[in-house]
Amino acid sequence: MSKVKSWMRLLKIDPIPLIMDRAPVYIKYRTALEFFSEDSALIEELSEKLENDKARRKILESQTDNGTWKLKENYSLEEQQRAMQFLLQLKMLAQLYDLGCSREMAPIQKAIIALLKMQKPDGKFPLHYHHHGLALLLLVKYGLGGNPFVDKGFRWIAKRQRVDGGWLSPATMKSGKSFKSSRSDIWASIVILQAFSSHSRLKRSETAMRAAEFILDSYLQKNETNLFPEAEAWNYLYTDYTDTGLFRGGTLRFIEALAPLYDFHEHPKFKKAVNWMLDQQMKDGLFPAVAGLSTKGDFNVTLRFLICLKEMDSAEKRTNVETGEEKNE
């Protein structure tokens, strides 16, 4: 794949017309925000339809007064109760983001405040490093990059970056392994890099650059921890709102983490991943949830890849402006 003016043009088929015709309303809404941002009438129409979305209303109406959601069971240990409450908060905020919610909405503000209250004074969130990374990613997606509590969370995780550029939670290691000699967790590191690369100021930090190098070096390798250790994990492109599904995404998540980082777009492994994704496009223009297994396309996977291509184009344009190349065209 040679250097191109537009990554979007590499698509064999433009899937946007099919998305706008047949996708669920929340996918149509997010597509409109990304690709029809000047069509205020269309965005307003879809926004009104989303307000009546049953799944979204059910989640919002089940929120408690303190901004959290009620756990299905209570845990005897307070620390475990707090950890499970945090995980549920991540699930709900991730789903509500996909359902078109924004921090301008009062329930989202309450949910974000509740999430930040679960953060320790040193910046740490409960559970493991990949949970911490996802919390930061969601907070940045909701527009809180630069918030002092959020940045404290970034500083906390940056201090735990290992020599190889990745991260490794002792709790996710396989038994009998040495922490010192073990390779960092590929999937946890991808989620954490995604948080950094989504942050306008931190995407070019030394932490992000080192993490990107580790992830590129790890492409298509088997993870050595208990988080998706199977080789086929790279083919599972979807994410969902289950305990582990929040962290899935395979090769697409790898691309999502690196798409904002123009410096790595010409890296052979990044280009290999993008080419592989392009090859997964189905006859109707959609992309599968699981490469090699899915018999029909997935609207959410397709939109996520389109957003990557758009972000890659934007990153290239920004760099051209910064270097003055655009003036010479």
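Attention here is on the structure that accompanies the text. (Residues numbered from 1 in each chain as written. Predicted model: local features only at pLDDT ≥ 70, side-chain atom pairs only at ≥ 80, totals over all residues. Heavy atoms only, no water.)

**So, the overall build of the chain**
Here comes step 1: When you go through the chain residue by residue, the secondary structure sums to 13 helices and two strands.
Here comes step 2: For 329 residues, the compact-globule estimate of 2.2 N^0.38 gives 20 Å, and the C-alpha radius of gyration of the chain, at 20 Å, lies within 12% of that figure.
Here comes step 3: The dimensions of the chain, computed from C-alpha atoms along their principal axes, are 60 × 50 × 45 Å.
Here comes step 4: Looking at the chain as a whole, 53% of its 329 residues are labelled buried.
Here comes step 5: Relative to all contacts within the chain whose residues are 6 or more apart in sequence, the contacts with residues 24 or more apart total 64%.
Here comes step 6: When the accessible surface of the chain is summed, it comes to about 16100 Å², and 50% of that surface belongs to carbon and sulfur atoms.
Here comes step 7: Across the chain, the 48 positively charged side chains and the 42 negatively charged ones have centroids separated by 5 Å. (Helix = DSSP H or I, 4+ residues; strand = E, 2+ residues; numbered from the N terminus. Rg over C-alpha atoms; globule rule 2.2 N^0.38 Å. Buried < 20%, exposed > 50% of the residue type's maximum accessible area, 1.4 Å probe, protein only. Contact = heavy atoms within 4.5 Å. Areas by Shrake-Rupley, 256 points an atom, 1.4 Å probe, with all protein chains shown as cover. Lys, Arg positive; Asp, Glu negative; His and termini not counted. Charge placed at Lys NZ, Arg CZ, Asp CG, Glu CD.)

**Quick word on the environment of Leu-50**
Here comes step 1: Within the secondary structure, Leu-50 sits in helix H3 (residues 40-51).
Here comes step 2: Judged by relative accessible area, which is 0%, Leu-50 ranks as buried.
Here comes step 3: Taking the C-alpha atoms as reference points, Leu-50 and Tyr-26, separated by 24 residues in sequence, lie 6.4 Å from one another.
Here comes step 4: Excluding residues that lie within four positions of it along the chain, Leu-50 makes contacts with Val-25, Tyr-26, Tyr-29, Arg-56, Leu-99 and Gly-100.

**A short note on the packing of helix H2 (residues 25-35) against H3**
Here comes step 1: Two numbers describe how H2 lies on H3: the axes approach to 9 Å, and their chain directions differ by 150°. The orientation of H2 with respect to H3, classified from their angle, is roughly antiparallel. The chirality of how H2 crosses H3 is left-handed. Packed against H2, whose contacting residues are Val-25, Tyr-26, Lys-28, Tyr-29, Ala-32 and Leu-33, the element H3 presents Leu-42, Ile-43, Leu-46, Ser-47, Lys-49 and Leu-50 at the interface.
Here comes step 2: For the contact of H2 with H3, a count of residues per class yields nine nonpolar, one polar and two charged. (Axes fitted to C-alpha atoms, helices over the stretch in contact; angles between N-to-C directions. Parallel < 35°, antiparallel > 145°, perpendicular 65-115°, else oblique. Left-handed = near helix turned anticlockwise from the far one by under 90°. Nonpolar A, V, L, I, M, F, W, Y, C, P; charged D, E, K, R; others polar.)

**Quick look at the packing of aromatic side chains**
Here comes step 1: Taken as a whole and judged by the stated rule, the model has 13 aromatic pairs.
Here comes step 2: Taking the centre distance of 4.5 Å and the plane angle of 50° together, the rings of Trp-187 and Trp-234 count as tilted. Of this pair, Trp-187 sits in helix H9 (residues 186-198) while Trp-234 sits in the loop between helix H10 (206-218) and helix H11 (250-258), and the two are 47 residues apart along the sequence. Comparing Trp-187 with Trp-234 shows no difference in burial state: the two are buried.
Here comes step 3: Seen from their ring centres, Trp-234 and Phe-254 are 5.8 Å apart, and the 75° between their planes marks the pair as edge-to-face. (Phe/Tyr/Trp six-rings, centres within 6.5 Å; stacked < 30°, edge-to-face > 60°.)

**Notes on the nonpolar core**
Here comes step 1: Core analysis: the biggest nonpolar cluster contains 91 residues, and Leu-193, Phe-254, Ile-255, Leu-258, Phe-305 and Met-312 have the highest contact counts within it.
Here comes step 2: With nine residues, H9 is the largest single contributor of residues to this core.
Here comes step 3: Contacts of Leu-193, omitting those with residues within four sequence positions, involve Ala-208, Ala-211, Ala-212, Ile-215, Ala-257, Leu-258 and Leu-261.
Here comes step 4: The next biggest cluster of nonpolar side chains, apart from the first, holds seven residues, and it includes Val-25, Leu-42, Ile-43 and Leu-50. (Core = buried A, V, L, I, M, F, W, Y, C linked by side-chain atoms within 4.5 Å.)

**A look at the pattern of salt bridges**
Two side chains that carry opposite charge are able to pair once their charged atoms sit near each other.
Here comes step 1: Inspection of every chain in the model, using the stated rule, returns 15 salt bridges.
Here comes step 2: One salt bridge in this structure joins Arg-57 and Glu-61, with 3.6 Å as the shortest N-O distance. Of this pair, Arg-57 and Glu-61 both sit in helix H4 (residues 54-61), four residues apart, which is roughly one turn of the helix.
Here comes step 3: Accessibility expressed as a relative area gives 39% for Arg-57, which makes it partly exposed.
Here comes step 4: Across the pair Arg-204 and Asp-263 runs a salt bridge whose closest N-O atoms are separated by 3.3 Å. Taken together, the residues span a long stretch of sequence, with Arg-204 in the loop between H9 and H10 and Asp-263 in the loop between H11 and helix H12 (268-279) at a distance of 59 residues.
Here comes step 5: Accessibility expressed as a relative area gives 54% for Arg-204, which makes it exposed.
Here comes step 6: Accessibility expressed as a relative area gives 46% for Asp-263, which makes it partly exposed. (Salt bridge = Lys/Arg side-chain N within 4 Å of Asp/Glu carboxyl O.)

**As for the side chain of Gln-161**
Here comes step 1: Take Gln-161: it is sitting in the loop between helix H8 (148-158) and H9.
Here comes step 2: Note on Gln-161: relative accessible area 12%, which makes it buried.
Here comes step 3: In this structure the side chain of Gln-161 is engaged in a polar contact, spanning 2.9 Å, whose partner is the backbone oxygen of Gly-165.
Here comes step 4: Non-local contacts of Gln-161, meaning those with residues more than four positions away in its chain, are made with Gly-166, Trp-167, Thr-207, Arg-210 and Ala-211. (Polar contact = N/O pair within 3.5 Å; in protein donor to acceptor, adjacent residues only side chain to side chain.)

Don't take any of this as a statement about function, it's just geometry.
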